[in-house]
Amino acid sequence: MNWVQVSCYQEVHGKGQSGTVMYADARGDFSAYAGQVQLVYLDPPFMTGEDFSLRMRVGEKGWETGRDALVLPAYQDKFASKGEYLSLLRAALENARMLLNETGSLFLHLDSRMSAHARILCDEIFGESNFVNEIIWAYQSGGRSMKRFSRKHDVILFYRKSRKQFFDITKVPLPRSENRSNHMRRCVDENGRTYRTIQSGGKTYTYYDDEPVYPGDVWADVSHLQQKDPQRTGYDTQKPQALLNRIILSASRPGDLVADLFAGSGTTAVAAAQAGRRYLAADISPLSISVTRKRLLETEMTLHMPCDAQNIRMEAELVPGIAYHDVSLKDYQGIPGPVQGLDLVDQWSVGFIESGVFTAQSSAARRKHTPALPAYLQLPQLRGTPAILIVDVYGNRTVWKYQED
Ligand SMILES: C[S@@+](CC[C@H](N)C(=O)[O-])C[C@H]1O[C@@H](n2cnc3c(N)ncnc32)[C@H](O)[C@@H]1O
């Protein structure tokens, strides 16, 4: 029996309808989704002048111990000029506006380097009257400077598409902090409910302890991902899901489409899927697509990324059964390097291939709780050409079709 490499441009998991992952430039053509998106979150490069990496654990031992890892270049945040950077931002913002429906919102995540320029750009593209908030995400992580006040916040610009905007702050209540209300007078009303009062400017303000409080525009309660945070994928610049949860829950409804054109490790799509929203995640880094694919493997996803034959060797066995075939990986040899054999395999799926579309039936991926790949994956005996899709630790994606001798 033989497995022959074939080209493929799309893979489908389940019905493929929960969301879409695209290997695409944020400046590209997204017109197929025009007016269909409720929320766009953009976390583009910040013009830091730095290179960013993916720390990729390798093989069973690497996933068990966290020690064996490759540090791979994920993307460059380098631009020849401010003009070049701003033209990327302009094109992405124009796409965002085109994607949004009339009730939709944009959240643009930057830091103090480019946020002032971006605000002017957003005013131009969305209209000054559609500015909603400048959110300050304040955190403690990172180094301290003695030459100036340490830069400890990011800026998230929030614009609406139109006056018809949907926004529901009641979906993101905060736990009431005891400290905040300590300076207020504590009272109990005739129904036994406790409340605090404070006088200011000749007025008395009353806050019941059992009433929720809502976030303002300074978010200091969401911390950066810690070194050992289980959410960590190894992709530099990954944002905490709590940040996206607040944005998604307040600015979209279940079933809505949430888009991120600089997807990175896929945090927005993961948060959207968990909140029952559909997602559209795009990025130009193949490693971003690998990490995002892995995080969304359990959702009903369609992934658009061309893959052509590469200089890779793979051996697998297909054992026919009554209702299922058992498919097992035997060997994988990629470009010569420090990692070889099945340790190179990070994710694999079995399914069917037809006209360049791979339809997955069963998938596996190395994770902390499943460091070893399963001995075999099962493929139902449906009509179709059996195929295997492999994503290796370098982000190479190959599809192999089964051919009987
Ligand atoms: C700051 S990271 C996003 C991190 C993401 N929010 C997360 O939580 O993982 C920026 C991403 O933008 C991507 N990128 C850079 N230029 C792009 C472009 N022109 N089109 C699409 N993606 C781009 C990079 O590959 C990188 O993954």
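Quick note: structure is the one above.
This section reports on the structure supplied with the text. Keep in mind that this is a model prediction, so the values were computed, not measured. (Residues numbered from 1 in each chain as written. Predicted model: local features only at pLDDT ≥ 70, side-chain atom pairs only at ≥ 80, totals over all residues. Heavy atoms only, no water.)

Per the secondary structure count, the protein includes 7 helices and 23 strands. Overall, the protein is about 90 × 55 × 45 Å in size when its C-alpha atoms are taken along their principal axes. A sequence separation of at least 24 residues applies to 69% of the contacts in the protein between residues at least 6 apart. The average position of the 47 basic charges and that of the 46 acidic charges among the side chains of the protein differ by 6 Å. (Helix = DSSP H or I, 4+ residues; strand = E, 2+ residues; numbered from the N terminus. Contact = heavy atoms within 4.5 Å. Lys, Arg positive; Asp, Glu negative; His and termini not counted. Charge placed at Lys NZ, Arg CZ, Asp CG, Glu CD.)

With that settled, the discussion passes to the sheet that holds strand β17 (residues 313–320). Taken together, 3 strands build an open sheet; the order of strands is β17-β18-β21 and the sheet is antiparallel. Here the strands that pair on one side only, and so sit at the sheet edges, are β17 and β21 (377–380). On average, adjacent strands in this sheet sit at an angle of 30° to one another, irrespective of strand direction. Judged from the 4 bridges that link them, strand β18 (residues 324–333) and β21 form a sheet pairing that is antiparallel. If you follow Val327 over to β21, its bridge partner there is Leu377. (Pairing = 2+ DSSP bridges. Axes fitted to C-alpha atoms, helices over the stretch in contact; angles between N-to-C directions.)

Our focus in this paragraph is the packing of helix α2 (residues 82–99) against helix α3 (residues 115–126). Relative orientation of the contacting elements α2 and α3 amounts to 35°, with a least axis distance of 10 Å. Here the hand of the crossing between α2 and α3 comes out right-handed. Residues Lys82, Leu86, Leu89, Arg90, Leu93, Glu94, Ala96 and Arg97 of α2 form the contact with α3, whose own contacting residues are His117, Ala118, Leu121, Cys122, Glu124, Ile125 and Phe126. Each residue belonging to the contact of α2 with α3 can be placed in one class, and the counts come to 9 nonpolar, 1 polar and 5 charged. (Left-handed = near helix turned anticlockwise from the far one by under 90°. Nonpolar A, V, L, I, M, F, W, Y, C, P; charged D, E, K, R; others polar.)

All right, on to the site of the ligand then. Surveying the vicinity of the ligand reveals 22 residues, the closest of which are Asp43, Tyr235, Ser265, Thr267 and Asp283. One nitrogen or oxygen atom from the side chain of Tyr235 is found 2.6 Å from an oxygen atom belonging to the ligand. Ile284 is positioned with one of its backbone polar atoms (N or O) 3.4 Å from a nitrogen atom of the ligand. Burial of the ligand by the surrounding chains reaches 97%, relative to a free accessible area of 610 Å². Of the residues in the shell around the ligand, the class split is 11 nonpolar, 6 polar and 5 charged. (Near = heavy atom within 4 Å. Polar contact = N/O pair within 3.5 Å; in protein donor to acceptor, adjacent residues only side chain to side chain. Areas by Shrake-Rupley, 256 points an atom, 1.4 Å probe, with all protein chains shown as cover.)

Val40, Leu42, Leu93, Leu106 and Leu108 are the most contacted members of the largest nonpolar core, which has 36 residues in total. Sorting elements by how many residues they give to this core places α2 first, with 7 residues. Setting aside residues no more than four positions away along its own chain, Leu42 makes contact with Ala92, Leu93, Ala96, Leu106, Phe107, Leu108, His109, Leu261 and Phe262. Counting 32 residues, the second-largest nonpolar core is a separate cluster that includes Val345, Ala364, Leu379 and Ile388. (Core = buried A, V, L, I, M, F, W, Y, C linked by side-chain atoms within 4.5 Å. Buried < 20%, exposed > 50% of the residue type's maximum accessible area, 1.4 Å probe, protein only.)

Another point: helix α5 (residues 241–251). Among the 11 residues of α5, 8 are classified as buried, and the element is accordingly described as predominantly covered. Every buried residue belonging to α5 is among Gln241, Leu243, Leu244, Arg246, Ile247, Ile248, Ser250 and Ala251, and all of these are buried.

A sheet is described by the order of its strands in space; here 3 strands give the open sequence β10-β11-β12, paired in antiparallel fashion. Strands at the two margins of the open sheet, each flanked by one partner only, are β10 (185–188) and β12 (203–208). Adjacent strand axes in the sheet meet at a mean angle of 35° when their direction is disregarded. Sheet topology places strand β11 (residues 194–200) next to β12; 6 bridges connect them, and they run antiparallel. Each residue of the ladder has a partner; that of Ser200, found in β12, is Lys203.

Using the criterion set out here, one finds 19 salt bridges in the structure. Between Asp209 and Arg196 there is a salt bridge; the shortest N-O distance is 3.1 Å. Within this pair, whereas Asp209 is found in the loop between β12 and β13 (218–219), its partner Arg196 is found in strand β11, the two being separated by 13 residues in sequence. Exposure remark for Arg196: the relative accessible area of 6% places this residue in the buried category. For the salt bridge of Lys294 with Asp346, the shortest nitrogen-to-oxygen distance reads 2.8 Å. One end of the pair, Lys294, is in helix α7 (residues 286–295); the other, Asp346, is in strand β19 (residues 345–354), with 52 residues separating them in the sequence. In this structure, Lys294 and Asp346 share a single accessibility class: buried. When salt bridges that share partners are traced, they join Glu11, Arg293 and Arg397 into one network. (Salt bridge = Lys/Arg side-chain N within 4 Å of Asp/Glu carboxyl O.)

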